[in-house]
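Chain by chain, the residues:
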Amino acid sequence: MSQQSFKTEVGQLLHLITHSLYTNKEIFLRELISNASDALDKLRYLTLTNDEFKSFNFEPRISIEFQEGDNPTLTLTDTGIGMSKEELVDNLGTIARSGTKNFMSSLSGDEQKDSQLIGQFGVGFYSCFMVADKVNVSTKKAGEDEAWFWTSDGQSGFEISKEVRKEPGTTITLHLNEEGKEFASRWRVESLVKKYSDHIDFPIFLTYDDIDYGKEGEEKSSTSKMDQINDAKAFWTRAKSDLKKKDYIEFYKSLSYEQTDPFDWIHYKAEGNLEFTLLFYIPKTASPDIYRTDYQAGVKLYVNRVFITDDDKELLPTWLRFVKGVIDSSDLPLNVSREILQQNRIMSKIKSNAVKKILDKLSDIAKDKDKYATFFDQFGRLIKEGVYQDFEHKDALINLLRFKSTTEDGLVSLKEYADRMDSEQKSIYYITGQNEISLRNSPLLEMYEKKNVEVLILDDEIDEIIISSVPKFDEKDLKSVNRSGAADDFSDDADKESEKSTKPVLKKMKKVLGDKVKDVKISNRLSDSPSCIVADENDPTAQMQEMMKSMGQTDLPEIKPILEINPKHEIVIKLQTMTKQKAFDDIALLLYEQALIQEGVKLKDPSGFVNRLNKVISKNL
């Protein structure tokens, strides 16, 4: 028997599980039954699609036995696909799924939240060490000759040796500890299976001793019995009228390995030319890997209740990767491959219908502003991705967008904005940046506040990319106040007079600033501030440039901003009569630099800025 150590992250995980994470210890049985069901799914699929296994005598079942007394045990056996020696090491000696080493860094210290991560990261097997001080695993992979035995106390590591086993499948024996001995009980096991695993699409049998007692309570006889203790009917095939809220919640917890209730769900059955069933759940919180390229897909595909795949990211668009659930079709072939799925017309129709049903549900949720705000807080970024990626459903997704506003608390939709626009207002206005406080205090908003015009605050770093794909809403242009043209809607004859009187100052400032700016113009958007910078209509804004640089596009040509100055501001008025060239130069540069700072742009020469500022301060002391 070879002794091996757990990988570091497994050791840490086991310590956390046994000492702090799981407060609801009964979850371990749900985790083990779920793993057994997956193993049965995989073998059933092979017997239907792989010639090598078609003659295989497959009798799917999960069996549970227990032993009471001084050394209580609980044993769970499945007739599924089993594991090879390498799979034993990979699955039970390491955290197998790609990216799960980040599990430890995802822990928040909140016991309830952290316990949900166990299942999400595919490490539910280790929960059995909450109730056992020793675990044995006997397994034989279908199609292989050798069987293997794995054992561990959950602390020092694990041992693997050869095993004598005739049939494929896996048997897990838990040597229950003091806290786990309560699970060596017929009534405890039966109630837990009913609670968590009644929907499993394979029979679960419990073997127990049926004791006959005499009149005085003495034990007369004991007979070993075996009963099926679950319904063994695929949950999603049951009629909605037969299901209660608690049924949907328990199935979700089993499906997603989470302990919290789902946010909402969709159960839909299509009949006619195309027959399929959808059962989708929207979680309450985003999974830790949702923005990773190796995120775990949350939807399982079945064909006539036969499991096909749970790792195909083509079943739904990527922006819907937060959805968990099941697609079951009667029209797809059992041997459908990933490549066929991507090109299959039936799957394409199912996918389109699935997206529509989800969008309908989200639109319905959006009628409750507070409830939808909770959803958008967790998954709003993915809705924005959809606007950018999913042309087919773009209009519906645009209606689901929400933004902060200069005039309303909370989040607002484009429709809400458009409905309360003044009849004279020509466009929908927004400002982009990465800091909400800075944006709300931006000089770019001064004119809009003065005229009581609402401006949307887009402070998510991806907003500028997304909003560029929404040029119009309700026949109204969307305009960025970060750009020069947005203020043109409000220009009047007085602005033209101001431009004439300030023309000499503009000319001198252009000369001082040189190639630092694209132009220097009179601003009609400023009331309190002396200057601001904006982007030309066809140039990326300062925010967009910073984002592109952070994405590695370092070879971008330098794009110069437009400096706008306020002709009515005291500083600008005094510049018109200033005769000292050096002082004029310093003030012109300071107006430019302070505008950059307000836009969150890093100064190329901060020491020069400080020197100029100190000079101005010293002259006024």
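What counts, and where the lines are drawn
Residues numbered from 1 in each chain as written. Predicted model: local features only at pLDDT ≥ 70, side-chain atom pairs only at ≥ 80, totals over all residues. Heavy atoms only, no water. Helix = DSSP H or I, 4+ residues; strand = E, 2+ residues; numbered from the N terminus. Buried < 20%, exposed > 50% of the residue type's maximum accessible area, 1.4 Å probe, protein only. Phe/Tyr/Trp six-rings, centres within 6.5 Å; stacked < 30°, edge-to-face > 60°. Lys NZ or Arg CZ within 6 Å of the ring centre and 35° of its normal. Pairing = 2+ DSSP bridges. Axes fitted to C-alpha atoms, helices over the stretch in contact; angles between N-to-C directions. Contact = heavy atoms within 4.5 Å. Expected span 1.5 Å × (residues − 1). Parallel < 35°, antiparallel > 145°, perpendicular 65-115°, else oblique. Left-handed = near helix turned anticlockwise from the far one by under 90°. Nonpolar A, V, L, I, M, F, W, Y, C, P; charged D, E, K, R; others polar. Salt bridge = Lys/Arg side-chain N within 4 Å of Asp/Glu carboxyl O. Polar contact = N/O pair within 3.5 Å; in protein donor to acceptor, adjacent residues only side chain to side chain. Patch = residues over 30% accessible without salt bridge, like charges linked within 9 Å, V, L, I, M, F, W, Y side chains within 5 Å. Areas by Shrake-Rupley, 256 points an atom, 1.4 Å probe, with all protein chains shown as cover.

Draft legend 1. Spatial organisation of the overall build of the chain. A tally of regular secondary structure across the chain gives 20 helices and 22 strands. When the 621 residues of the chain are sorted by exposure, 52% land in the buried category.

Draft legend 2. Quick look at the packing of aromatic side chains. In this structure the tally under the stated criterion is 23 aromatic pairs. For the pair phenylalanine 125 and tyrosine 126, a centre-to-centre distance of 5.7 Å together with 70 degrees between the ring planes defines the contact as edge-to-face. The class for phenylalanine 125 is buried, based on a relative accessible area of 7%. Exposure remark for tyrosine 126: the relative accessible area of 1% places this residue in the buried category. Plain terms: the ring middles of phenylalanine 251 and tyrosine 281 are 6.4 Å apart, the flat faces sit at 40 degrees to each other, and that makes the pair tilted. Residue phenylalanine 251 is found in helix 7 (residues 245-256), and its partner tyrosine 281 is found in strand 11 (residues 276-282); the two are separated by 30 residues along the sequence. Grouping residues by exposure puts phenylalanine 251 and tyrosine 281 together as buried. Through successive ring pairs, a cluster of aromatic residues spans Phe235, Trp236, Tyr248, Phe251, Tyr252, Trp265, Tyr281, Tyr302 and Phe307. Note that arginine 321 overlies the ring of tyrosine 295, its terminal NZ or CZ placed 5.5 Å from the centroid. If you follow arginine 381 out to its NZ or CZ, it ends over the ring of tyrosine 291, 6.0 Å from the centre.

Draft legend 3. Structural detail: the sheet that holds strand 10 (residues 264-270). Sheet architecture is open: five strands sit in the order 10-11-14-12-13, paired in mixed fashion. Each edge of the open sheet carries a strand with a single partner, namely strand 10 and strand 13 (306-309). Adjacent strand axes in the sheet meet at a mean angle of 20 degrees when their direction is disregarded. Here helix 2 (residues 27-49) sits on the sheet and contacts strand 12 (299-303) and strand 13; the angle it forms with strand 13, its principal contact strand, is near 90 degrees. Helix 9 (residues 345-365) rests against strand 10, strand 11, strand 12 and strand 14 (324-329) of the sheet, and its axis sits at about 40 degrees to strand 11.

Draft legend 4. A look at helix 7. An ideal rise of 1.5 Å per residue puts 16 Å on 12 residues; helix 7 measures up with 17 Å between its terminal C-alpha atoms. Burial analysis of helix 7 places 10 of its 12 residues in the buried class, the great majority of the element. All buried positions along helix 7 are accounted for by Asp247, Tyr248, Ile249, Glu250, Phe251, Tyr252, Lys253, Ser254, Leu255 and Ser256. Count one or two residues on from helix 7 and you reach tyrosine 257, which has phi positive near 65 degrees.

Draft legend 5. A look at the pairing of strand 14. By the criterion of burial, strand 14 is predominantly enclosed, with six of the six residues buried. Both faces of strand 14 are covered, namely the face carrying Lys324, Val326 and Asp328 and the face carrying Gly325, Ile327 and Ser329. In the sheet, strand 11 pairs with strand 14 via six bridges, with the strands oriented antiparallel. Across the sheet, the residue bridging to leucine 279 is valine 326, located in strand 14. Pairing of strand 12 with strand 14, which is carried by five bridges, proceeds in the parallel orientation. Looking across to strand 14, one finds that valine 299 is bridged to glycine 325.

Draft legend 6. Structural context of the packing of helix 19 (residues 581-598) against helix 20 (residues 606-619). The interhelical angle for the contact between helix 19 and helix 20, taken along N-to-C directions, is 120 degrees, at an axis separation of 10 Å. Taken together, the axis directions place helix 19 and helix 20 in an arrangement best described as oblique. Considering how the two elements wind past one another, helix 19 and helix 20 form a crossing that is left-handed. Across the interface between the two elements, Lys582, Ala583, Asp586, Ile587, Leu589, Leu590, Glu593 and Ile597 from helix 19 touch Phe609, Arg612, Leu613, Lys615, Val616 and Lys619 from helix 20. The residue makeup of the contact of helix 19 with helix 20, split by class, is eight nonpolar, no polar and six charged.

Draft legend 7. Representation of the pattern of salt bridges within the structure. Summed over the entire model, instances satisfying the criterion amount to 44 salt bridges. The salt bridge involving glutamate 146 is made with lysine 162; its shortest N-O contact spans 2.9 Å. Of this pair, glutamate 146 sits in the loop between strand 4 (132-140) and strand 5 (147-152) while lysine 162 sits in strand 6 (residues 158-163); the two residues are 16 residues apart in sequence, bridging distant segments of the chain. The class for lysine 162 is exposed, based on a relative accessible area of 59%. Of the charged contacts, one joins arginine 381 and aspartate 460 as a salt bridge, the two residues approaching to 2.8 Å between their closest N and O atoms.

Draft legend 8. Quick look at the side chain of aspartate 264. Along the chain, aspartate 264 turns up in strand 10. Its relative accessible area of 13% is what places aspartate 264 among the buried residues. A polar contact of 3.5 Å, which involves the side chain of aspartate 264, links it to the side chain of lysine 361. Residues in contact with aspartate 264, not counting those within four places in the same chain, are Phe280, Tyr281, Ile282, Lys361, Ile365 and Lys371.

Draft legend 9. Looking closely at the environment of threonine 285. Following the sequence through the fold, threonine 285 ends up in the loop between strand 11 and strand 12. Sequence separation between threonine 285 and aspartate 377 is 92 residues; the distance between their C-alpha atoms is 9.1 Å.

Draft legend 10. Examining unusual backbone geometry more closely. One non-glycine residue with positive phi stands out, namely alanine 232, at about 60 degrees. Positionally, alanine 232 belongs in the loop between strand 9 (219-228) and helix 7. One non-glycine residue, asparagine 304, lies in positive phi territory at about 50 degrees. Here asparagine 304 is to be found in the loop between strand 12 and strand 13. Exposure remark for asparagine 304: the relative accessible area of 40% places this residue in the partly exposed category.

Draft legend 11. Geometry of a nonpolar patch on the surface. Nonpolar side chains collect at one region of the surface, where Leu613, Ile617 and Leu621 lie side by side and expose about 320 Å² of accessible area between them. You can see leucine 621 is positioned in the segment after helix 20.

Draft legend 12. Structural view of the side chain of asparagine 136. Its location among the elements puts asparagine 136 in strand 4. At a separation of 3.2 Å, a polar atom in the side chain of asparagine 136 contacts the side chain of histidine 175. Excluding residues that lie within four positions of it along the chain, asparagine 136 makes contacts with Phe149, Trp150, Thr151, Thr171, Ile172, Thr173 and His175.

Draft legend 13. Quick peek at the environment of arginine 483. In this fold, arginine 483 is placed in the loop between strand 19 (476-480) and helix 16 (493-513). Residue class for arginine 483 comes out buried when judged on its relative accessible area of 17%. Along the backbone, arginine 483 and aspartate 536 are 53 residues apart, and their C-alpha atoms lie at a distance of 5.8 Å. Excluding its chain neighbours within four sequence positions, the residues that come into contact with arginine 483 are Glu464, Arg525, Val534, Ala535, Asp536, Glu537, Asn538, Asp539, Pro540 and Thr541. For arginine 483, the side chain forms a polar contact with the main-chain oxygen of aspartate 539, separated by 2.3 Å.

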